[in-house]
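Each chain is listed here by its residues.
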Amino acid sequence: MEMPAELALQRLKNDLKENCCRGVSDFLRSFNDQDWSATVQNILHRPEAADVVQKLTASLWDLRHSDALDEWLATFQTEAISTSNSSYHACIYLDSRRPSAATGSTRVDGEYHQAAEPISSTDDDDFLRFASRAVRTLNAQPARYFLHAFLLRAKTLELWVFDRSGAYSSGVLDTTADPNLSLRVLAGYGMMNDQNAGMNLCIKTAGPGDGNYILLNGISKLFLNPKLIAAPHYLVGLGTVCFAASASAVTEPTVVVKFSWRIGALPVEFLMLQRARDRNVWGALRLLECRDLINVADLRQGLHFSKPYVNRTLSCVITEPLGRPIRQFASLSELLEVLRDLVRALKSLYLTGNILHRDIAIKNLIIATKFDGDTSKGILINFDLALDLDEAPAVQQMVGSDGFMAIGILSGHPHTYRHDLESLFYVFLWLAIGNDREHDHAHEILQSLPKKSRLWRWCSMDFNDVREAKVADMSLDGFEDILEEFSATFAPLRGLAKELHRLIFPIRDGGIFTKTETDQSGVEGLYQGMIDAFNHAILALKD
């Protein structure tokens, strides 16, 4: 789901506050040193092209409307750079009156203003508007490495690059000091190859009507479904984009291809999925391949920045099976079967794999598209916060997702198997109360709930307040109020909720027990008790 425009603009403003560098040393030199530079110089200095170049340079600053700009661009391409066998790909706006053309076909994003005022390096609002338009273009092609953008105004020019570590520019350039600068830049943009333009070189075009594909193990092709499973709506960060993929252009997708920009060494998810596979864990996402493609430092090589930037590495992780979000369950029976299998998956992850997931939430659980008697209907995904207990540190960070964190975690205790099961119980409660088929995150689900809902108190940056709220709501009296909030669809499952509550929060010494049973019988008892509870509820729905 795309975030509201105001929130997106505020996030971009925050991103650029710390991750924007204007006037990068050697930017223009690096731009001019590319392989198209000599070709551009030859084109602009041909004697037979002198009149055209002079005419284009002089007329650029006299354009008043979009039709005139279109005509100028056509002349520029056909008369000035036609011999280069290059087409002009930049998307240019005139005086901000043209509609946004942030599409998958845009290679370079530009903006032209016939204005009296030159580019200002201090007008933050004007830059934010320009940047937000460029970022929309980047997010329309979220798998690409970076995006070139430029601003032309009142005979001043500024060249920009936007990537997942931020934005940087050439600084404001005075084109009167170099009359052909604008034409050289525009010709250079038009002659860029895919690598220069920041396209993802791992994704290749199969041919007309066949879409895009990537190579698995350098041999087998995986065809990418054009409809994305997930895509970012921000600039700085992981920039995670997920495709469904299939072995041919005509078969149904069966695997997931995930691109994301991490910080640091190999992604935790890759290591955890690799170990889960090697240890024969049941019910977890299966790793097929993982490889690194490029990092920001390599993309910015040769440039000198006045302040440090975050170096991110783009990785491609390929997994199976493909699934749909747990919130898109087809029936209550299916949901209960999925939740039962997720308990079995968590049991296998812990007892067989010696791994804790640590981020059980609606967003990290899917329903397998295809399954049989030997496979799980519910699949654990997103192992970025998972912990291999063979390597558990003495002091653990508090991790998890808002609304789903266990009471023990909110109290600062080390993560245990019980906390993953408690979080899964909260997933059931959020689904039962919100009955939201569109949203994954607790804050989004809350928007459709009344302000008096007790779940509002489960989402706060004050973890002590959240802990106290959950302790109160999981008490015997408090839980009755939680049951009263169940949606009409889930009303028949109040009995199941009571049984799960009894298993997870048994009464000890007059209050609910929130600690972890560590003896074998206690561990097995909690897993099996929850599995039996779901099985009984499934049978009851069928009667």
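Nothing here was measured: the structure is a model prediction, and the numbers come from that model. Throughout, a residue's number is its position along its own chain's written sequence, starting from 1. With pLDDT at 70 or above as the cut-off, local features in this predicted model cover only qualifying residues; side-chain atom pairs require 80 or more to be listed or tallied, and sums for whole chains, interfaces and linings still use all residues. The side-chain quantities take in all heavy atoms of the structure and omit both hydrogens and water.

A closer look at the layout of surface pockets
In this structure, the second largest pocket spans a volume of roughly 520 Å³. In this analysis, the protein atoms alone were mapped onto a 1 Å grid. Cavities are point sets where a 1.4 Å probe fits without being able to get out; pockets are open sets with protein on both sides within 12 Å along at least five of seven lines; lining residues have an atom within 4 Å of a point. Considering the residues around the second largest pocket, the lining is formed by 20 residues, among which Ala143, Met199, Ile203, Asn212 and Phe243 are closest to the centre. Secondary-structure elements contributing two or more residues to the lining of the second largest pocket are β8 (204-207), β9 (211-216) and β10 (220-230). Under the scheme applied here, ten amino acids are nonpolar (Ala, Val, Leu, Ile, Met, Phe, Trp, Tyr, Cys and Pro), four are charged (Asp, Glu, Lys and Arg), and all others, including Gly, are polar. For the lining of the second largest pocket, the per-class residue count stands at 10 nonpolar, seven polar and three charged. Grid points are joined across faces, edges and corners, and a volume is the space filled by probe spheres set on the points. For the purposes of this entry, the term helix denotes a DSSP run of H or I that reaches at least four residues, the term strand denotes a run of E that reaches at least two, and both are numbered from the N terminus.

Overview of helix α7 (residues 181-191)
A 1.4 Å probe rolled over the protein chains alone gives each residue an accessible area, and that area as a share of the maximum for its type sets the label: buried under 20%, exposed over 50%, partly exposed in between. A large share of α7 lies buried, amounting to 11 of its 11 residues. Residues of α7 that are buried include every one of Leu181, Ser182, Leu183, Arg184, Val185, Leu186, Ala187, Gly188, Tyr189, Gly190 and Met191, and no others.

Observations concerning the sheet that holds strand β18 (residues 378-380)
Backbone-to-backbone hydrogen bonds join strands into a sheet, with any given pair of strands oriented parallel or antiparallel. Strand pairing follows a simple DSSP-based rule, namely that at least 2 bridges must link the two strands. One open sheet holds the three strands; their spatial order is β15-β17-β18, and the pairing between them is antiparallel. In this open sheet, the two strands that pair with only one neighbour each are β15 (323-325) and β18. Each strand of the sheet is rotated relative to its neighbour by a mean of 45°, with strand direction disregarded. In the sheet, strand β17 (residues 365-368) pairs with β18 via three bridges, with the strands oriented antiparallel. Residue pairing across strands places Ile367 opposite Gly378, the latter belonging to β18. Taken strand by strand, helix α10 (residues 332-352) contacts β15, β17 and β18, and its axis lies near 40° from that of β18. Between N-to-C directions, angles cover 0 to 180 degrees, with each direction set by a line fitted to C-alpha atoms, over the stretch in contact for helices. Any pair of residues with heavy atoms lying within 4.5 Å of one another is described as a contacting pair.

Digging into the pattern of salt bridges
Salt bridge, as used here: a side-chain nitrogen of Lys or Arg that lies within 4 Å of a carboxyl oxygen of Asp or Glu. All chains considered together, the criterion is met by 31 salt bridges. When the shortest N-O distance is used, the salt bridge between Arg286 and Glu320 registers 3.6 Å. Pair noted here: Arg286 is in strand β13 (residues 286-295) and Glu320 is in strand β14 (residues 312-320), with a separation of 34 residues, a long-range link. For Arg286, a relative accessible area of 37% puts it in the partly exposed group. The salt bridge partner of Arg508 is Glu517, with a shortest N-O separation of 2.8 Å.

As for the packing of helix α15 (residues 476-484) against helix α16 (residues 494-504)
Direction vectors running N to C along α15 and α16 enclose 150°, while the axes themselves pass 11 Å from each other. With respect to each other, α15 and α16 are oriented roughly antiparallel. When the axes of α15 and α16 are compared, the crossing they make is right-handed. Here Leu476, Phe479, Glu480, Leu483 and Glu484 of α15 come into contact with α16, specifically with Arg494, Ala497, Lys498 and His501. A per-class count over the contact of α15 with α16 returns four nonpolar, one polar and four charged. Put simply, angles under 35 degrees are roughly parallel, angles over 145 are roughly antiparallel, angles from 65 to 115 are roughly perpendicular, and the rest are oblique. Here a crossing is taken to be left-handed if its near helix is turned anticlockwise relative to the far helix by less than a right angle, and right-handed if that turn runs clockwise.

With respect to the nonpolar core
Phe428, Trp430 and Met474 are the most contacted members of the largest nonpolar core, which has 81 residues in total. Ranked by residues supplied to this core, first place goes to helix α12 (residues 417-434) with 12 residues. Not counting the four nearest positions on each side in its chain, Phe428 is found in contact with Leu339, Phe486, Phe490, Leu493, Leu496, Ala497 and Leu500. Throughout, nonpolar core names a set of buried Ala, Val, Leu, Ile, Met, Phe, Trp, Tyr and Cys residues whose side chains join them through atoms within 4.5 Å. The next biggest cluster of nonpolar side chains, apart from the first, holds 59 residues, and it includes Leu181, Met199, Val255 and Phe305.

Focus on the packing of aromatic side chains
Pairing of aromatic side chains here covers Phe, Tyr and the six-membered ring of Trp, requires ring centres within 6.5 Å, and sorts the geometry by plane angle: under 30 degrees stacked, over 60 edge-to-face, intermediate tilted. Inspection of every chain in the model, using the stated rule, returns 21 aromatic pairs. Here Phe27 and Tyr168 contribute two aromatic rings whose centre-to-centre distance is 5.8 Å and whose plane-to-plane angle is 65°, an arrangement assigned as edge-to-face. Taken together, the residues span a long stretch of sequence, with Phe27 in helix α2 (residues 27-32) and Tyr168 in strand β6 (residues 166-169) at a distance of 141 residues. Accessibility expressed as a relative area gives 6% for Phe27, which makes it buried. Measuring from ring centre to ring centre gives 4.7 Å for Phe127 and Trp160, while their planes differ by 25°; the resulting arrangement is stacked. Pair noted here: Phe127 is in helix α6 (residues 124-140) and Trp160 is in strand β5 (residues 156-163), with a separation of 33 residues, a long-range link. Between the NZ or CZ atom of Lys221 and the centre of the ring of Tyr213, over which it lies, the distance is 4.3 Å. Two thresholds decide whether a charge sits over a ring: the Lys NZ or Arg CZ must be within 6 Å of the ring centre and within 35 degrees of the ring normal.

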